[in-house]
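Observations on chain architecture
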Amino acid sequence: MNTQLLLIQVFNGLVNGAFYALLSLGLAVIFGMLRIVNFAHGALYMLGAFTAFALGQALGLGFWPSLVIAPVLVGLLGAVLERTLLSRLYGLEPSYNLLLTFGLTLLTQDLVKQVMLSRFAVSSAPYTPPEALSGVVNLGFVVFPKYRLFVIALSLVICVLTWFVIEKTRVGAVIRASTENPAVTRAFGIDVGRWVTGVFAVGVGLAGLAGVLAAPIYSVEPYMGAELIITTFAVVVIGGLGSILGSVITGFAVGVLAAVGAAIYPPIANTLVFILMAAVLLVRPSGLFGLPEGAR
Amino acid sequence: MTALPRVAARTDRERTTRAAWLAGLGVLLLVLPKLIYPVLALDILAWGLFAVAFDLLFGFSGLLSFGHAAFWGSSAYVTAYLLAHGQSVPVAILGGTLSALLLAVPIAFLSVRSSGIYFSMITLAFAQMVSFLALQWTDVTGGENGLQGFDRPAFLGLDFSNSTTRYYVCLALFALGFAVAWRTVRSPFGRAQQAVRDNEARAQSIGYDPRRFKFTAFLISAALAGLAGSMYTFGHGVVSLEVVNWRTSGEVVMMTLLGGTTTLFGPVIGAGLVLLLRDQLTTANLPVGIVTGVVFVLVVLFFRRGVVGTVQHWTRRK
C-alpha cells in the first residue's frame, strides 16, 4: 500500500473516530456522573440528524442553524426523559437503565421511521453540507473533502472543551460533587437534581450534535445509530467506562486503526474494534483508562 | 439483581404451588398447537427455552448478558449448515447446541471477569463479532440472504414436513432443556450460584470461587440458548441475519422480564405473550417496534416482577 492511500485512510479513520469520540464522550459523561448506561445514545444521535433534516424540510433551516438548534432540542428531550423516566430507576442496578433505554431505542427508531414515511415519503434522505464547506482542500500531501476536515476539527474542539469544563472548572467541581456525594452537596445549597438533569441533557446533546454532523456524510435514516452505538460501546469498554479522556483517545484511535486495517484486509473493518476489545480485556479488564472496579 | 425474591426454603405449600405451575405449563404446551397455528406455537417453545436459558444467567447469577443472540444465532446457523449438507436432524441439533457451548467458552472466560454493566457491554460486543462474522462469511452463512431451502430428512419414521410433528419434537427438546435448567437451579451448584449472586464477598469467604460459578452458569445458559436456536432453525427451515442481531439479545431480555425473572416459568410465559402480541400487531398492520418499545419501557418502570413473579408475590403474601 502506498503512502498516499495510507494517509487518506488515516484521515477517513479520524472522521469515523470523531463520531466515536463524540458519542463515547457523551456516554462517559453520563455514566461517569450519573451511573446511567444510555443505550438510547445511538437513537438520540439519529434523532439529531433527523431533526436537522426535518428543520430543513419544514422551515427551510440550513446546516448552521440546525447545528445549534438540533442538539439543543435533543438535549431538552434528554432532560425530559431523565426527569420523567430515568429518575425513577435511581438506586436500582444500572442494568435497568440499560434496559429502559433499550426500549426507548426501539420506540424512537420505529417512530422516526413512521414519521419519515408518512410525512416526508422517504425512508432515507441525503443531507447536503453547507456551501462554505463543500469541495476539497489540498493539504499538500493529500487532497481531502473540506467538510470532513471540519468534522474532525469541531469534534476535537468539543472534546477538549468538555474535558476542560469537567476536570478544571468550578462547574465541573460542582457536577462531580453532586454525583459523588449528593447529600453533602445539597447541604451547600446546591440543587443536585437540576445539575443531574443538566448533565444528562448535555451528554445527550453531544449525541445530537454528532448526529447533525453525520447527516451530510452518512445520510439520514432511522437505523443509522443502531450499529454505531454497539461500536461505541466497544470503544467505551476499551477506553474504560466513565473515563472522559479514555473515551476521546480511544474513539479517535479506534477510528484510525479500523480504517487502516480495512485498507490492508477489508473484511476486518467492522470486527477489528471487537477483536481489539477482547485483547484489551485479556490484559486490563477495566479498560485502558478505567479504574479497577472496586476503586470506582 | 438485589431486588428479586430469593429462593426460600421449600415449604409444602410452595411445593404444591410449583407442581401446579409445572402441570399447568405442561398441559398448556401439550394443547398449544390446537389453540394457535403450529409454527407460532413452535416459536413460543424455542424463544421460551431461550428465555429460560437467559434467566439462568440473569436471574440466578445476576449477570445481564446483552449478547445471548450469539449462542442462539450461532447454533441456528450451524444447525442449518449441517442440514444443508445432508446431516440428519439429531446430528444437526446436537451440532448446533455443541457449537454454542464451544463458542461460550472463550466469551465466558473473558466476560465473567467483569460484573454489572461492564459484563453487559462485553457480552454485547462479542455478540456483535459473531454478527459480523455471519454477515461476512457468505460461503457458510449465506450473508444477507441467509440459509434456506434445506431438507429436514425423516428420522425414526417421523415426517418433519408436518409442522405439528415438528412442534412435538421440539416440545420434547424443550422439556429436556427445561429439566436441565430446573435441576441446575435446585442443585447444590444452583444454591451456591445464588449465594454468589446475593453476596459475592460472603460466598467467597465460605470458600466458593465466584468466577468458577459464573463461568459454569454461563456455559449451561449458552448451551440451552443453543438448543433453543437449533429448535428455531428446525422449526422454520430458514436462518437469517436476524438471529444474531442485537435486537434479538434485547428481545429475550424483554420476554424474561415480562414473564418474571428467577421463576423459570416466567420466561416461557413472557415469550408466549411477546410472540402473541407481535403476531397480533403484524396481522393488524400496526408498528411492531413502537408497541414493543412501549411495553419494554413500561415493564422496566412499573412491572419488574413480571407476570409470574407478581402472581407468586401475591400468593406468598396471603
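Residues numbered from 1 in each chain as written. Chains lettered and ligands numbered in written order. Predicted model: local features only at pLDDT ≥ 70, side-chain atom pairs only at ≥ 80, totals over all residues. Heavy atoms only, no water.

Assigned secondary structure in chain A consists of 11 helices and two strands. Secondary structure elements of chain A occur, N-terminal to C-terminal, as α-α-α-α-β-β-α-α-α-α-α-α-α. Compactness check: chain A gives a C-alpha radius of gyration of 19 Å against a globular reference of 19 Å for 296 residues, within 12% of the reference. The principal-axis extent of the C-alpha atoms belonging to chain A is close to 60 × 50 × 35 Å. Looking at the 296 residues of chain A, the share that counts as buried comes to 54%. Partitioning the contacts of chain A with sequence separation of at least 6, the portion at a separation of at least 24 is 76%. Of the roughly 12,200 Å² of accessible surface on chain A, a fraction of 67% belongs to carbon and sulfur atoms. Separation between the mean location of the 14 positive side-chain charges and that of the 10 negative ones in chain A comes to 6 Å. (Helix = DSSP H or I, 4+ residues; strand = E, 2+ residues; numbered from the N terminus. Rg over C-alpha atoms; globule rule 2.2 N^0.38 Å. Buried < 20%, exposed > 50% of the residue type's maximum accessible area, 1.4 Å probe, protein only. Contact = heavy atoms within 4.5 Å. Areas by Shrake-Rupley, 256 points an atom, 1.4 Å probe, with all protein chains shown as cover. Lys, Arg positive; Asp, Glu negative; His and termini not counted. Charge placed at Lys NZ, Arg CZ, Asp CG, Glu CD.)

Let's shift gears to the overall build of chain B. Per the secondary structure count, chain B includes 14 helices and two strands. Taking 2.2 N^0.38 as the reference for a compact globule, 318 residues should give roughly 20 Å; the C-alpha atoms of chain B span a radius of gyration of 19 Å, in line with that estimate. With respect to the three principal axes, the spread of C-alpha positions in chain B is 50 × 40 × 40 Å. Every one of the 318 residues in chain B was classed for burial, and the buried ones make up 57%. Sequence-distant contacts in chain B: of pairs separated by 6 or more residues, those separated by 24 or more amount to 79%. On chain B, roughly 12,900 Å² of surface is accessible, and the fraction owed to carbon and sulfur atoms is 63%. Averaging the coordinates of the 24 positive side-chain charges in chain B and doing the same for the 14 negative ones gives two points 14 Å apart.

Let us now look at the interface of chain A and chain B. With 49 residues of chain A in contact, the opposing surface of chain B contributes 39 residues. Interface area for chain A against chain B, summed over the two sides, is near 4,100 Å², with a carbon-plus-sulfur share of 77%. Looking at the side of chain A facing chain B, the largest losses of area belong to Tyr96(A), Leu99(A) and Phe102(A), adding up to 15% of the total buried there. Between chain A and chain B we count five residue pairs in polar contact (both at pLDDT 80 or more) in total. Ranked by residue count, the leading element in the side of chain A that touches chain B is helix α4 (residues 94-119) of chain A, at 16 residues. (Buried area = accessible area lost by both parts, 1.4 Å probe. Polar contact = N/O pair within 3.5 Å; in protein donor to acceptor, adjacent residues only side chain to side chain.)

This paragraph deals with the side chain of Thr162(A). Tracing the sequence through the fold places Thr162(A) in helix α5 (residues 146-168). By relative accessible area, which is 13% here, Thr162(A) ends up buried.

All names here are of chain A. Following the UniProt record, one finds the feature "transmembrane region" (unreviewed entry) at residues 6-31, 43-61, 67-86, 147-166, 195-217 and 271-291. Secondary structure content for residues 67-86 is 90% helix and 0% strand, and the end C-alpha separation is 27 Å. As a span, residues 147-166 carries 100% helix and 0% strand, and end to end its C-alpha atoms are 29 Å apart. (UniProt positions renumbered as here; feature names shortened; annotations may be inferred.)

It is worth spelling out the packing of aromatic side chains at this point. This structure, assessed with the given rule, holds 34 aromatic pairs over all chains. Between the aromatic rings of Tyr147(A) and Phe150(A), the centroid separation amounts to 6.0 Å while the plane-to-plane angle is 40 degrees, which identifies the pairing as tilted. Of this pair, Tyr147(A) and Phe150(A) both sit in helix α5, separated by three residues, roughly a single helical turn. On the basis of relative accessible area, Tyr147(A) is assigned to the buried category, the value being 5%. Pairwise contacts between aromatic rings join Phe39(A), Phe102(A), Phe233(A), Phe66(B), Trp246(B) and Phe296(B) into one cluster. Sitting over the face of the ring of Phe213(B), Arg212(B) holds its NZ or CZ atom 5.4 Å from the ring centroid. Lying over the aromatic face of Tyr96(A), Arg304(B) brings its terminal NZ or CZ to 5.4 Å of the ring centre. (Phe/Tyr/Trp six-rings, centres within 6.5 Å; stacked < 30°, edge-to-face > 60°. Lys NZ or Arg CZ within 6 Å of the ring centre and 35° of its normal.)

To continue, consider the environment of Ala201(A). Residue and element names in this part refer to chain A. Note on placement: Ala 201 falls in helix α8 (residues 192-218). Taking the relative accessible area as the measure of exposure, Ala 201 reaches 17% and is therefore buried. Aside from chain neighbours lying at most four places away, what touches Ala 201 is Gly 75 and Ala 79.

Residues of chain B with pLDDT of at least 70 account for 96%, and the chain-wide mean is 86. Across the whole predicted complex the pTM is 0.88, and at the interface the ipTM reaches 0.84. (pLDDT = per-residue confidence, 0-100.)

Bringing helix α4 (residues 89-111) of chain B into the picture now. Here α4(B) is 23 residues long and its end C-alpha atoms lie 32 Å apart, about the 33 Å a rise of 1.5 Å per residue gives. Where α4(B) bends most, the angle comes to about 30 degrees, and this point is Val105(B), followed within four residues by the proline Pro106(B). (Expected span 1.5 Å × (residues − 1). Bend = angle between axes of the 7 residues up to and from the residue.)

All names here are of chain A. At a closest axis distance of 6 Å, the pairing of helix α1 (residues 3-34) and helix α10 (residues 244-264) adopts a crossing angle of 150 degrees. On the basis of their axis angle, the class for α1 and α10 is roughly antiparallel. α1 and α10 meet at a crossing whose hand is right-handed. Here the residues of the contact of α1 with α10 sort into 17 nonpolar, seven polar and no charged. (Axes fitted to C-alpha atoms, helices over the stretch in contact; angles between N-to-C directions. Parallel < 35°, antiparallel > 145°, perpendicular 65-115°, else oblique. Left-handed = near helix turned anticlockwise from the far one by under 90°. Nonpolar A, V, L, I, M, F, W, Y, C, P; charged D, E, K, R; others polar.)

On to the environment of Ala173(A), then. Residue placement: Ala173(A) occurs in helix α6 (residues 170-180). As for Ala173(A) and Ala54(A), which are separated by 119 residues in sequence, their C-alpha atoms are 37 Å apart.

Turning to the UniProt feature "transmembrane region" (unreviewed entry) in chain B, a few remarks are in order. Residue and element names in this part refer to chain B. Residues given the UniProt feature "transmembrane region" (unreviewed entry) here are residues 20-37, 44-71, 91-110, 117-137, 165-185, 215-234, 254-277 and 284-303. Annotated as 100% helix and 0% strand, the span residues 165-185 places its first and last C-alpha atoms 30 Å apart. What you have in residues 284-303 is 80% helix and 0% strand, and the ends, taken at the C-alpha atoms, are 26 Å apart.

So, on to unusual backbone geometry. With the exception of glycine, the majority of residues adopt a negative phi angle, and the majority of peptide bonds are in the trans configuration. All names here are of chain A. Even without glycine at this site, Ala 121 takes up a positive phi of about 55 degrees. We classify Ala 121 as exposed; its relative accessible area is 63%. Although it is not a glycine, Ser 219 adopts a positive phi angle of roughly 65 degrees. Inspection of the secondary structure assignment puts Ser 219 in the loop between α8 and α9 (226-239). For Ser 219, a relative accessible area of 19% puts it in the buried group.

Residues and elements named next belong to chain A. One pass over the structure, following the stated rule, counts four salt bridges over all chains. One salt bridge connects Arg 83 with Glu 82, and the closest N-O pair in it is separated by 3.0 Å. Judged by its relative accessible area of 44%, Arg 83 is partly exposed. (Salt bridge = Lys/Arg side-chain N within 4 Å of Asp/Glu carboxyl O.)

This brings us to helix α7 (residues 163-186) of chain B. Between its first and last C-alpha, α7(B) extends 34 Å over 24 residues, near the 34 Å set by a 1.5 Å rise per residue. In this structure Asn162(B) caps α7(B), since a side-chain oxygen of it lies 2.7 Å from the backbone nitrogen of Thr164(B).

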